[in-house]
Each structure stands twice: as structure tokens, then as C-alpha cells.
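Inside the fold
Listed below are the residues making up each chain.
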Amino acid sequence: LFRESGLVDGMSVLDVGCGSGDVAFLAARLVGPSGAVTGIDTAEDAIADAERRAADSGITNVSFERCDLDRYCREPFDAVVGRFVLMHQPDPVATVWRLASLLRDGGLLAFQEFDFTQPPLVRPELKPVVDAGRWIASALRGLGFDTGMGMRLHQTFLSAGLPRPN
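Read on for a plain summary of the structure. Everything numeric in this text was worked out from a predicted model, so none of it was measured. (Residues numbered from 1 in each chain as written. Predicted model: local features only at pLDDT ≥ 70, side-chain atom pairs only at ≥ 80, totals over all residues. Heavy atoms only, no water.)

1. Overview of the overall build of the protein chain
Secondary structure summary: the protein chain contains six helices and five strands in total. Put simply, the protein chain runs from its N terminus to its C terminus through helices and strands in the order α-β-α-β-α-β-β-α-β-α-α. For 166 residues, the compact-globule estimate of 2.2 N^0.38 gives 15 Å, and the protein chain sits close to it at 17 Å. By its C-alpha atoms, the protein chain is 50 × 40 × 30 Å across when sized along the principal axes. Taking all 166 residues of the protein chain together, the buried fraction comes to 43%. For the protein chain, restricting intrachain contacts to residue pairs at least 6 apart in sequence, the fraction spanning at least 24 positions comes to 72%. Of the roughly 9,500 Å² of accessible surface on the protein chain, 53% is carried by carbon and sulfur atoms. Of the side chains in the protein chain, 16 bear a positive and 22 a negative charge, and the two mean positions are spaced by 5 Å. (Helix = DSSP H or I, 4+ residues; strand = E, 2+ residues; numbered from the N terminus. Rg over C-alpha atoms; globule rule 2.2 N^0.38 Å. Buried < 20%, exposed > 50% of the residue type's maximum accessible area, 1.4 Å probe, protein only. Contact = heavy atoms within 4.5 Å. Areas by Shrake-Rupley, 256 points an atom, 1.4 Å probe, with all protein chains shown as cover. Lys, Arg positive; Asp, Glu negative; His and termini not counted. Charge placed at Lys NZ, Arg CZ, Asp CG, Glu CD.)

Rendered as C-alpha cells:
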């Protein structure tokens, strides 16, 4: 996804909803030592874990901050990325519009979201996997998360006034 989106050596990247840093570390490898990645998340424990993982791995082109993504305001980035974060937002269109404002001209916005509205596709069908998928979807819906965000991602970008996404 990142390579096809245009993430390359030397870019500055903001990873929103970074959690313990998996996406930030992937982006850091792609932008190389001349690039930089900033991961933000509201969870203090996740940020502490991400910082510990970066230090343990010797990754120096990534940093982490605890903050709300709707309040984050820094210099423009070449890219803003996120994985499974828009489904947690009360207004994903407003969030995407806000995050796009953190981009330099020509910057890229790359998100990956799940769609939990369909049962897991497993062949041959394994009842425990299908049941687990339904339980996860039910729990997420019960917490108020948008379990169909994956299928609405394209329209979310358009509704935010952005060009047609690839």
C-alpha cells in the first residue's frame, strides 16, 4: 500500500492512531534515514510501548507523541497514514479533511480500514473462524465503531473534498 501510494526515501510521515508503532516502523523503513516518521496516539501505554520498541530496535528516524489526532498541528508532512483508525472516529469525513490539511502540496494520504459487515471469507468454511469474526464485529458495533468503514473509505475521501483516491 505504501509503495503504491508513493511513499519514498526522504519523506516526512505522520502516522495517526499509531498504537504500538507497527505502521510507523514500516513507514520508517521505506523513508529511510533521510526521512522521518512521527506517530501519534491518545493511548499513553501504546506510546510508551512504541518508544521502547524503537529504542530496542535502534530505529532513530521515528518518534512518538501522545495526543489527539483532531488537535494535532505541526509543520506540513509529505504523507499522513493510518491503519484501522477512521473506524474509531465519530466523523471520519471531518477527520480526513483535517488530516489532509496537515499535508504539503502534492502530499499523500494513505489509509487502510476493515469492513466487518461481511463474515470472514474462509474456504473451506471454518465455523470457529466465522463465529469469531461475528463476535468481533458485534463487539466493535457495541462500542460504537463503524464496522463498515472499509467499504466507505473511498466515499469518505470524496466527501472530504479530496480528489478521487486510488
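2. Looking at helix H2 (residues 22-31)
Buried residues dominate H2, accounting for seven of its 10 residues. Residues of H2 that are buried: Val23, Ala24, Phe25, Ala27, Ala28, Leu30 and Val31. Taken together, the buried residues of H2 touch helix H1 (2-5), strand E1 (12-16), strand E2 (36-41), helix H3 (44-57), strand E3 (62-66) and strand E4 (77-83). Gly32 sits one or two positions beyond H2 and adopts a positive phi of about 70°.

3. Some points on the pattern of salt bridges
Enumeration over the complete set of coordinates arrives at 10 salt bridges. For the salt bridge of Asp22 with Arg53, the shortest nitrogen-to-oxygen distance reads 2.8 Å. Here Asp22 is found in helix H2, whereas its partner Arg53 is found in helix H3, with 31 residues between them in sequence. Arg74 is paired through a salt bridge with Glu65; the nearest N and O atoms lie 3.0 Å apart. (Salt bridge = Lys/Arg side-chain N within 4 Å of Asp/Glu carboxyl O.)

4. Re helix H4 (residues 92-100)
Buried within H4 we find Pro92, Thr95, Val96, Arg98, Leu99 and Ala100. Where H4 is buried, its residues touch E1, E4, strand E5 (103-112) and helix H6 (149-159).

5. Some thoughts on unusual backbone geometry
With glycine set apart, most residues show a phi of negative sign, and most peptide bonds adopt trans. In this structure, Phe84 takes a positive phi of about 60° despite not being glycine. By the secondary structure assignment, Phe84 is in the loop between E4 and H4.

6. As for the sheet that holds E5
Taken in spatial order, the five strands of this open sheet run E3-E2-E1-E4-E5, and their pairing is parallel. Looking at the sheet topology across the chains shown, the edges are occupied by E3 and E5. Across the sheet, the axes of successive neighbouring strands diverge by a mean angle of 20°, strand direction being ignored. Along the sheet, H3 contacts E2 and E3; its crossing angle with E3, the most-contacted strand, is approximately 165°. (Pairing = 2+ DSSP bridges. Axes fitted to C-alpha atoms, helices over the stretch in contact; angles between N-to-C directions.)

7. What to know about the nonpolar core
Across soluble globular proteins, nonpolar side chains show a tendency to be buried alongside one another. If you look at the biggest cluster of nonpolar residues, it comprises 26 residues, and the most contacted ones within it are Leu14, Val16, Val80, Leu99, Leu109 and Phe111. Setting aside residues up to four positions removed in sequence, Val80 forms contacts with Leu14, Val16, Leu99, Leu102, Leu103, Leu108, Leu109, Ala110 and Phe111. (Core = buried A, V, L, I, M, F, W, Y, C linked by side-chain atoms within 4.5 Å.)

8. What about the environment of Pro33?
By secondary structure assignment, the location of Pro33 is in the loop between H2 and E2. Linking Pro33 and Ile59, residues 26 residues apart in sequence, is a C-alpha distance of 9.1 Å.

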